[in-house]
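# Remarks on the overall topology
Here's the letter readout for the chains.
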Amino acid sequence: MTKSSVLTQRITLNNGYTMPRLGLGVWKTSNTDAANSVSQAIQHGYRMIDTAKQYGNEPGVGAGIQDGLLKAGLNRQDLFVTTKVLNGDQGYDSTLRAFEASLKQLRLHYVDLYLIHWPVDGKFIDTWRALEELYRNGQVRAIGISNFDQERLTELLDKTAITPMVNQMEFNPLNQEKDLRRLMQLAGIQLEAWSPLGGGAALSQPTITKLAAKYQRSAAQIILRWDYQHNIITIPKSTHVERIVANSQIADFTLSDEDVAAIDALDQGKRGLWYDDFTWHNPTNPKAFTGDVQAWDDTAKFLQK
Ligand code: A2P
């Protein structure tokens, strides 16, 4: 890692706590792969890891954190760890219990950022109050939300005391959430992009591949640099160490204003199918409450008893 690496750069959140600008995402990653990619990422300079109970890999992530910190000669404070409340755990008391369980699986005493994974209607206000409690008690350094649209964010801001520090949304060149970002900017909420590469789909857009040729970079690096120039925090997922490393090598080139604008123009204003079809925030849908933890057959190997 060079001194100018983006991995050492941080953004100050609205409570004064700082968050790395780029981290590793581990959605759809088994415990074995998570343990390996988290450890490798830390050894290659990553200082932020993003998981969730829903991903079913907190035990593997916990093992990877322990291994990575040891091998890199780092301390817990050197790392920024995010996890999220599962839909099925939403509500005040159940969120507090879920948090304790996540800490145990992650082998941690605190997390840096705890997010409401989805805004389950009728529940997310109580869930937020639990996050406020954890924050006031010092068990989390920052609290935030994920997948909140304008309507639900407005309700949260109206009814609760603490403004979220972060909203983690699906964000990539094809889906830029321009209206939501305006509201978040007014409220002082940092955007963090999940699926910044569009699950891989944004990589083959002709505008992106042309810019990749122009700057002699990979398509992923072009997109991640564009996020960076917009001050958006990103968590690209990869289980391949060479991609994990390459995805962080975006400090030594700059996209021109014109090229940033060309990527801005790719916006189709469409969330992925997951959102349109998604009724998890509707409490009449049983999925809103069961939450669907991703099942991996290697979980038992990493579980903290
Ligand atoms: P893999 O894990 O096999 O590397 P997103 O973070 O937008 O959801 O994108 C993740 C997807 O993009 C994963 O399928 C990941 O695959 C792939 N990916 C991550 N980094 C790169 C890269 N540098 N080049 C190509 N594909 C990538």
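Before reading further, recall that the structure is shown in the block above.
In short, a report on the structure. (Residues numbered from 1 in each chain as written. Predicted model: local features only at pLDDT ≥ 70, side-chain atom pairs only at ≥ 80, totals over all residues. Heavy atoms only, no water.)

## Points about the pattern of salt bridges
For the structure shown, the criterion picks out 12 salt bridges. Across the pair Lys159 and Glu155 runs a salt bridge, and its minimum N-O distance is 2.9 Å. With Lys159 and Glu155 both in helix α5 (residues 150-159) and 4 residues apart, this pair spans about one turn of that helix. Judged by its relative accessible area of 47%, Lys159 is partly exposed. The partner of Asp179 in a salt bridge is Arg182, with the nearest N and O atoms 2.6 Å apart. In this pair, Asp179 and Arg182 both sit in helix α6 (residues 178-187), 3 residues apart, roughly one turn of the helix. (Salt bridge = Lys/Arg side-chain N within 4 Å of Asp/Glu carboxyl O. Helix = DSSP H or I, 4+ residues; strand = E, 2+ residues; numbered from the N terminus. Buried < 20%, exposed > 50% of the residue type's maximum accessible area, 1.4 Å probe, protein only.)

## A few points about unusual backbone geometry
Excluding glycine, residues mostly have negative phi values, and the peptide bonds linking residues are mostly trans. The backbone phi angle of Glu177 is positive, close to 50°, even though this residue is not glycine. Mapped onto the elements, Glu177 comes out in the loop between β8 (166-170) and α6. Accessibility expressed as a relative area gives 9% for Glu177, which makes it buried. For Gln216, which is not glycine, the phi dihedral falls at a positive 60°.

## Looking at the site of the ligand
The local shell around the ligand holds 15 residues, among which Ser195, Leu197, Ser238, Arg243 and Asn247 are the closest. Measuring from an oxygen atom of the ligand, one finds a side-chain N or O atom of Lys237 at 2.9 Å. In this structure, an oxygen atom belonging to the ligand sits 2.7 Å away from a side-chain N or O atom of Arg243. Considering the ligand on its own, with 570 Å² of exposed area, one finds that the protein chains cover 80% of that surface. (Near = heavy atom within 4 Å. Polar contact = N/O pair within 3.5 Å; in protein donor to acceptor, adjacent residues only side chain to side chain. Areas by Shrake-Rupley, 256 points an atom, 1.4 Å probe, with all protein chains shown as cover.)

## Some details on the pairing of strand β7 (residues 140-146)
Walk down a regular strand and you will see the side chains alternate between the two sheet faces. For β7, the tally of buried residues reaches 6 of 7 residues, placing the bulk of the element in the interior. Two strands pair when backbone bridges link them, and strand β6 (residues 111-116) and β7 are joined in this way by 5 bridges, in the parallel orientation. Residue pairing for β7: Leu115 is matched across the bridge by Gly144. Regarding topology, helix α4 (residues 124-136) serves as the crossover connection from β6 to the parallel β7, and that connection is right-handed. Following the chain from β7 across α5 to the adjacent parallel β8, one finds a crossover that is right-handed. (Pairing = 2+ DSSP bridges. Right-handed = clockwise from strand over helix to strand, strands pointing away.)

## A word on helix α2 (residues 58-72)
Over its 15 residues, α2 extends 20 Å from the first C-alpha to the last, a length consistent with the 21 Å expected when each residue adds 1.5 Å. Residues of α2 that are buried: Glu58, Pro59, Gly60, Val61, Gly62, Ala63, Gly64, Ile65, Gly68 and Leu69. Buried positions along α2 lie against α1 (31-43), β4 (48-50), β5 (80-85), α3 (92-106) and α13 (299-302). Phi turns positive one or two residues past the end of α2, at Gly73, with a value near 65°. (Expected span 1.5 Å × (residues − 1). Contact = heavy atoms within 4.5 Å.)

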